[in-house]
Amino acid sequence: MTEQLTKQVAEALNEGNRALIRKIITVLGTERTQAFLTQTQETITQGGLLRKDGQPRTAGGVFFYLV
């Protein structure tokens, strides 16, 4: 289950850091991880988040920031 969710989240976010995603799933569990994925997608739809330098965060960056 963890590997399947890791792949799903990584693909949804176009994120290569699967080890960090796997760790998040291990610590937070599948339900909370999926909730953060949904929140990430909603945040991106609403305009996303900016980094300190004013550039937009990637989808993975938004996800990790929210987590």
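An account of the accompanying structure is given in this report.

About the thresholds
- Residues numbered from 1 in each chain as written.
- Predicted model: local features only at pLDDT ≥ 70, side-chain atom pairs only at ≥ 80, totals over all residues.
- Heavy atoms only, no water.
- Core = buried A, V, L, I, M, F, W, Y, C linked by side-chain atoms within 4.5 Å.
- Buried < 20%, exposed > 50% of the residue type's maximum accessible area, 1.4 Å probe, protein only.
- Helix = DSSP H or I, 4+ residues; strand = E, 2+ residues; numbered from the N terminus.
- Contact = heavy atoms within 4.5 Å.
- Polar contact = N/O pair within 3.5 Å; in protein donor to acceptor, adjacent residues only side chain to side chain.

### Side note on the nonpolar core
Alright, step 1. Of all hydrophobic cores here, the largest spans 10 residues; its members are Leu5, Val9, Ala10, Leu13, Ile21, Ile24, Ile25, Phe36, Leu37 and Phe63.
Alright, step 2. Elements represented by at least two residues in this core include exactly helix H1 (2-13), helix H2 (18-28) and helix H3 (30-45).
Alright, step 3. The element contributing the most residues to this core is H1, with four residues.
Alright, step 4. When sequence neighbours within four positions are dropped, the list of residues in contact with Leu37 reads Val9, Ala12, Leu13 and Phe63.

### Examining the side chain of Glu15
Alright, step 1. Here Glu15 lies in the loop between H1 and H2.
Alright, step 2. A distance of 3.1 Å separates a polar side-chain atom of Glu15 from the backbone nitrogen of Asn17.
Alright, step 3. Beyond its immediate chain neighbours, meaning those up to four positions away, Glu15 contacts Ala10, Ile21, Gly60 and Phe64.

### A few points about the environment of Ile25
Alright, step 1. Structurally, the position occupied by Ile25 is in helix H2.
Alright, step 2. Assessed through its relative accessible area of 3%, Ile25 is described here as buried.
Alright, step 3. In this structure, the C-alpha to C-alpha distance between Ile25 and Phe63, residues 38 residues apart in sequence, is 12 Å.
Alright, step 4. The contact partners of Ile25, leaving out residues within four places of it in the chain, are Thr2, Leu5, Thr6, Thr30 and Thr33.

### Observations regarding the side chain of Thr33
Alright, step 1. Structurally, Thr33 is set in helix H3.
Alright, step 2. Residue class for Thr33 comes out buried when judged on its relative accessible area of 0%.
Alright, step 3. With residues up to four places along the chain from it excluded, the contact list for Thr33 reads Leu5, Val9, Ile24, Ile25, Leu28 and Phe63.

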